[in-house]
Amino acid sequence: MKSYDYIVVGGGSAGCIVAARLVKEANARVLLLEAGSDEYHPVLKMPAGYMKYLASDRYLTMHQTQPQPQLNGRGVIVPQAKVLGGGSTVNAMVYMRGHRHDYEDWNHALGHEGVDWSWDSLLPHYMAIEDNDHLGAPSHGVGGPMKVSHLGHFSPLSRAYVKTMQGMGIPYSPDFNAGDPSGVGFMQHTIDWRTRKRCSVVDAFITPLRGDSRLTIASQALVKEILFEGDDAVGVRFQRHGVDETAMAEKEVILAAGAYQTPKLLMLSGVGPDEALREQGIPQRRSLPGVGANLQDHYEVPVVATTRGAWGYYGQDKGWPMMKAGLQYLLFKTGPVTTTGVESCAFFDPLSGGAIPTIQMFCVPTVYLDRDVMGENPGHGVTINSLLLRPKATGHVTLESRDAAALPRVDTQIFGHPEDLARTIAGFRFARQVIAAPPMAEMVDKEIFPGVDIRSDDEIAEHCKRMVKTGYHPVGTCRMGHRDDPMAVLSSDLRVRGLGRLRVVDASMMPNIISGNTNAVVMAVAHRAADLIMGRESVDTDSNKERAA
């Protein structure tokens, strides 16, 4: 049995940043536990490479969620990264911070007590992490470990989409990350502009510490239980290569396993809703009904059209086109391999035209749906995805069994609120207008999915229920809240209520989902969490009251 200053459970975006900062800046001995591997295929370093593994379980855990009556019995599959670096190693690399209003909602959920989680308070952490290829102060950082850049290649369809949306009244946005992403433009990504390779949190934070004796990385480690002495977390029990091991933490245990696995581990350790613990026969350590509740995600629905020419990326991943693109990338770091394939998007409110965006609409310059779904192989085309940013319905995560290796039971509640479906339908109708407006219309041949015969709200609703999928952004299942909120799991400094020496630093902490891709937000939260753990921020709250709440 070994002892460390800190144990970090989960080697994703949050866990790697917290572990690295504690080692480097606090001279701490840190054990970083990752359930997945500590290596991955070199193709994932290429910006376009992630698409090879979207449906693979090599680096992803596939969660089959509960059937949803409001989706006619469908239960969507939601993947979660299973590799050191987490989402930053396998995601589409989009760098998006959301809307400043999102963070006001966090403070509102906290009753404006304790740590200030406003946009302005998090901005220094975004800037400290970032090394942007062309943007600087006052909104962006230069010289940080995480490389952020525009893509090295844009398709004609992406360029046409941006011009089309402007013609439809959506203004051009040169920077989605300055506090209000409203508008249309080209997304930034966590890609190193010098090498045109993915910049994961492993590249940015862990690789410089490889070989440092203060950092111990244990991959393929399944954490089974948090260990306690009284109300204080003192260590973890985990299994590695079939052998059970115990590690002790002299200061804190830090949970960073994600919105599905973090609440699961808390419940396995006797912390969570009474009913969930009783169902599995787990002795209760702390009753926290909010553990696993408040699950939120982004959900998207497509419109697919064929095009009059090869304007996008159809067929670029096979045969001679793939070989040609690969050689161009290897020799010159240019061409289609330097793109993620999703280059442009727009933020707006198609239903009421409000100032706060409710839809993030992506232009995907290919047809990415399976032939089995559409019934044909259409060839060259374009997909317009309408993604719901701020769903009203919330789901939950609970235990399937006491077996730590079993996946949790996930109930998404997609379209569980009528406004969510109404906004998605409005986004779908707007997407149809986009492919019919110039200059997109000059490139588009015809809509093929779901097809122009699908017109009424009822027909479109059925299409949405059939095709809605995750945006891969689950959050909120161990949310922060004020001390009188019975569903709050965390205090404003990310401590688990009623327990000592235990924090959550991943996407579980969000009271509400942010308006955009979530990886950048998780990184900024983790950077700030390290400051809180190291005592570099004072917390305006009574710790005794927090402990008793």
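The rules we used
Residues numbered from 1 in each chain as written. Predicted model: local features only at pLDDT ≥ 70, side-chain atom pairs only at ≥ 80, totals over all residues. Heavy atoms only, no water. Helix = DSSP H or I, 4+ residues; strand = E, 2+ residues; numbered from the N terminus. Polar contact = N/O pair within 3.5 Å; in protein donor to acceptor, adjacent residues only side chain to side chain. UniProt positions renumbered as here; feature names shortened; annotations may be inferred. Core = buried A, V, L, I, M, F, W, Y, C linked by side-chain atoms within 4.5 Å. Buried < 20%, exposed > 50% of the residue type's maximum accessible area, 1.4 Å probe, protein only. Contact = heavy atoms within 4.5 Å. Axes fitted to C-alpha atoms, helices over the stretch in contact; angles between N-to-C directions. Parallel < 35°, antiparallel > 145°, perpendicular 65-115°, else oblique. Left-handed = near helix turned anticlockwise from the far one by under 90°. Expected span 1.5 Å × (residues − 1). Domains from an automatic or database assignment. Buried area = accessible area lost by both parts, 1.4 Å probe. Salt bridge = Lys/Arg side-chain N within 4 Å of Asp/Glu carboxyl O. Nonpolar A, V, L, I, M, F, W, Y, C, P; charged D, E, K, R; others polar. pLDDT = per-residue confidence, 0-100.

Caption draft 1: Molecular detail of the side chain of glutamate 447. Here glutamate 447 shows up in strand E24 (residues 444-449). One polar contact links glutamate 447 to arginine 432, side chain to side chain, over a distance of 2.9 Å. For glutamate 447, the side chain forms a polar contact with the main-chain nitrogen of glycine 451, separated by 3.0 Å.

Caption draft 2: Representation of the UniProt feature "domain: Glucose-methanol-choline oxidoreductase N-terminal" (unreviewed entry) in the protein chain in the model. Annotation from UniProt places "domain: Glucose-methanol-choline oxidoreductase N-terminal" (unreviewed entry) at residues 81-104 and 258-272. Helix makes up 38% of residues 81-104 and strand 12%, with an end-to-end C-alpha separation of 29 Å. Across residues 258-272, helical content stands at 73% and strand content at 13%; the span's end C-alpha atoms are separated by 16 Å.

Caption draft 3: Representation of the nonpolar core in the model. By size, the foremost hydrophobic cluster in this structure holds 94 residues, and its most contacted members are Leu33, Trp106, Trp117 and Leu502. Broken down by element, the residue count for this core peaks at 11 residues, all from helix H14 (residues 519-533). Tryptophan 106 has contacts with Trp117, Leu122, Met480, Met509, Met510, Pro511, Asn512, Ile514, Val521 and Val525, leaving out every residue within four places of it along the chain. Membership of the second largest hydrophobic core comes to 65 residues, among which are Met165, Ile191, Tyr299 and Cys464.

Caption draft 4: Summary view of helix H4 (residues 119-129). Turning to H4, its buried residues are Trp119, Ser121, Leu122, Leu123, His125, Tyr126 and Ile129. Considering only its buried residues, H4 is in contact with strand E5 (94-95), helix H3 (100-109), strand E6 (130-132), strand E7 (146-148), helix H6 (201-206) and H14.

Caption draft 5: Local environment of the side chain of glutamine 188. When you line up the elements, glutamine 188 lands in strand E9 (residues 188-189). Take glutamine 188: its relative accessible area is 4%, and that puts it in the buried class. Of the polar contacts made by the side chain of glutamine 188, one reaches the side chain of asparagine 132; its length is 3.0 Å. In this structure, glutamine 188 is in contact with Met93, Val94, Tyr95, Asn132, Asp133, His134, Leu135, His140, Val148, Ser149, His150 and Asn177, ignoring residues within four places of it in sequence.

Caption draft 6: Spotlight on the packing of helix H1 (residues 13-26) against H14. In the contact formed by H1 and H14, the axes pass within 8 Å of each other and the chain directions differ by 30°. Judged by the inter-axis angle, H1 sits roughly parallel to H14. By crossing handedness, the relation of H1 to H14 is classed as right-handed. Along its contact with H1, which presents Ser13, Ala14, Ile17, Val18, Arg21 and Leu22, the element H14 presents Asn519, Val522, Met523, Ala526, His527, Ala529, Ala530, Asp531 and Ile533.

Caption draft 7: Examining H1 more closely. Between the first and last C-alpha of H1 there are 19 Å, a value that for 14 residues agrees with the 20 Å anticipated at 1.5 Å per step. A large share of H1 lies buried, amounting to 11 of its 14 residues. Those residues of H1 not exposed but buried are Ser13, Ala14, Gly15, Cys16, Ile17, Val18, Ala19, Ala20, Arg21, Leu22 and Val23. Positive phi shows up at asparagine 27, right after H1, with a value of about 55°.

Caption draft 8: Representation of the domain arrangement of the protein chain. Structurally, the protein chain comprises domain 1 (1-49 + 78-149 + 201-295 + 474-538) and domain 2 (152-186 + 298-393 + 415-467). Using C-alpha coordinates to define each centre, domain 1 is positioned 31 Å away from domain 2. With 26 residues of domain 1 in contact, the opposing surface of domain 2 contributes 25 residues. Across the interface of domain 1 and domain 2, roughly 1,900 Å² is buried in total on both sides, 58% from carbon and sulfur atoms. For arginine 390, the salt bridge is made with aspartate 105, and the minimal N-O distance between the two is 2.6 Å. Run the count over domain 1 and domain 2 and you get 11 residue pairs in polar contact (both at pLDDT 80 or more). The element that contributes the greatest number of residues to the side of domain 1 that touches domain 2 is H3, accounting for four residues. Among the residues forming the side of domain 1 that touches domain 2, the class breakdown is 12 nonpolar, nine polar and five charged.

Caption draft 9: Molecular detail of the confidence of the model for the protein chain. Summary statistics for the protein chain give a mean pLDDT of 95 and a share of 97% for residues scoring 70 or more. Segment residues 541-549 is flagged for pLDDT under 50; beyond a separation of four residues in sequence, or across chains, it makes 21 contacts in the model.

Caption draft 10: Summary view of the environment of alanine 256. By the element assignment, alanine 256 lies in the loop between strand E15 (243-255) and helix H7 (258-268). Between the C-alpha atoms of alanine 256 and arginine 503, which are 247 residues apart in sequence, the distance is 8.8 Å. Sequence-distant contacts of alanine 256, that is, excluding residues within four places in its chain, are made with Val8, Val9, Gly10, Ala14, Gly15, Thr262, Val505 and Asp506.

Caption draft 11: Focus on the UniProt feature "binding site: FAD" (unreviewed entry) in the protein chain. When the UniProt feature table is mapped onto this chain numbering, "binding site: FAD" (unreviewed entry) sits at Val83, Asn91, Ala92, Met93, Val94 and Val223. These residues run over 141 residues, and the two farthest C-alpha atoms among them are 29.5 Å apart, placing them at more than one spot. Along the chain, asparagine 91 turns up in the loop between helix H2 (87-90) and E5. Ignoring anything within four residues of it in the chain, the contact list for asparagine 91 reads Tyr50, Arg198 and Asn519. A polar contact is formed between the side chain of asparagine 91 and the backbone nitrogen of methionine 93, at a distance of 3.0 Å. Checked against the element boundaries, valine 223 lands in strand E13 (residues 221-229). Beyond its immediate sequence surroundings of up to four residues, valine 223 is in contact with Val9, Leu33, Val236, Arg237, Phe238, Leu265 and Ala404.

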